[in-house]
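# Summary of the model geometry
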Amino acid sequence: QVPTALARAEQAADEAIASINRTLAFGMTISGTANAEQVRRLDELTQASEPLIAEARSHLRELVQLLGARSEAMTRQIQAEKDSEVRLIVILVGLAVRIGSALALVIGQIGIARPIRAINETLARLADGRFDIEISGTDRRDEVGDIARSAEIFR
């Protein structure tokens, strides 16, 4: 629709400009004061230009309305896409937080809390005088392993 409206507006503007140019060209031929026939002809040419100018304005208004409507539609589409992307980002962040929390809980329980409870129980048995127990975790290369190796030395 926009290209068609643009073509109509261009054609109407060209016709209006051509009519105005004819009026100006005729006016340039008049030297001195215009006689009655020249005034009549200028009036005739001017009146002939007026509907062409009105038509060009009408086509330009139509073109502007089409462009405005198209712009509004594109704005709505862009806004909808932006809203969709924001929702997707919120969902992904929410999932990442939940997955991260779950992993932290698993790592905290399996990797830290359980081994420390096991070392604590081992140390409690050693404190009770039971030296025939096996101390687990001495092969670990972290702080839990350091504590397990220290418990091995105490045993």
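Anything mentioned here points back to the structure above.
Residues numbered from 1 in each chain as written. Predicted model: local features only at pLDDT ≥ 70, side-chain atom pairs only at ≥ 80, totals over all residues. Heavy atoms only, no water.

### A closer look at the overall build of the protein
Applied cut-off: Numbering of helices and strands runs from the N terminus; a helix is a DSSP stretch of H or I covering at least four residues, while a strand is a stretch of E covering at least two. Computation of the radius of gyration draws on C-alpha atoms, with the globule rule given as 2.2 Å multiplied by the number of residues to the power 0.38.
Scanning the protein for helices and strands turns up 3 helices and 0 strands. Each helix (α) and strand (β) of the protein, taken in turn from the N terminus, gives the series α-α-α. Rg of the C-alpha trace for the protein: 45 Å, well past the compact-globule value of 15 Å for 155 residues, more than 25% over. Its C-alpha atoms put the protein at 135 × 25 × 20 Å along the principal axes.

### Remarks on the nonpolar core
Applied cut-off: In plain words, nonpolar cores are sets of buried Ala, Val, Leu, Ile, Met, Phe, Trp, Tyr and Cys residues tied together by side-chain atoms within 4.5 Å. Think of it in three bands: residues with accessible area under 20% of the maximum for their type are buried, residues over 50% are exposed, and the middle band is partly exposed, with areas taken using a 1.4 Å probe on protein chains only. Whether two residues are in contact is decided by their heavy atoms, any of which lying within 4.5 Å being enough.
One finds Ile 119, Leu 126, Ile 133, Ile 135, Val 144, Ala 148 and Ala 151 forming the largest nonpolar core, which totals 7 residues. A total of 3 residues in this core trace back to one element, the largest contributor, which is helix 3 (residues 143–154). Residues in contact with Ala 151, not counting those within four places in the same chain, are Leu 123, Leu 126 and Ile 135. Among the nonpolar cores identified, the runner-up in size contains 5 residues, and Val 2, Ala 5, Leu 63 and Leu 66 belong to it.

### Some remarks on helix 1 (residues 2–29)
Threshold: Expected helix span is given by 1.5 Å per residue-to-residue step, counting one fewer step than there are residues.
Here helix 1 contains 28 residues, and its C-alpha end-to-end distance of 40 Å stays within 8% of the 40 Å for a straight helix at 1.5 Å per residue. All buried positions along helix 1 are accounted for by Val 2, Ala 5, Ala 9, Ala 12, Ala 16, Ser 19 and Thr 23. As for helix 1, its buried residues are in contact with helix 2 (36–127).

### Observations concerning the pattern of salt bridges
As a reminder of what qualifies: Each salt bridge in this description consists of a side-chain nitrogen of Lys or Arg and a carboxyl oxygen of Asp or Glu lying within 4 Å of one another.
Taken as a whole and judged by the stated rule, the model has 7 salt bridges. Among the salt bridges present, the one from Arg 8 reaches Glu 62, with a minimum N-O distance of 2.4 Å. Note that Arg 8 is positioned in helix 1 and Glu 62 in helix 2, a separation of 54 residues in sequence. Overall, Arg 8 belongs to the partly exposed group, its relative accessible area being 33%. Of the charged contacts in the structure, one is a salt bridge between Arg 140 and Asp 142, with a shortest N-O distance of 2.6 Å. You can call Arg 140 partly exposed: its relative accessible area is 26%. Taken together, the salt bridges that share partners define one network made up of Glu 37, Arg 40, Arg 41 and Glu 44.

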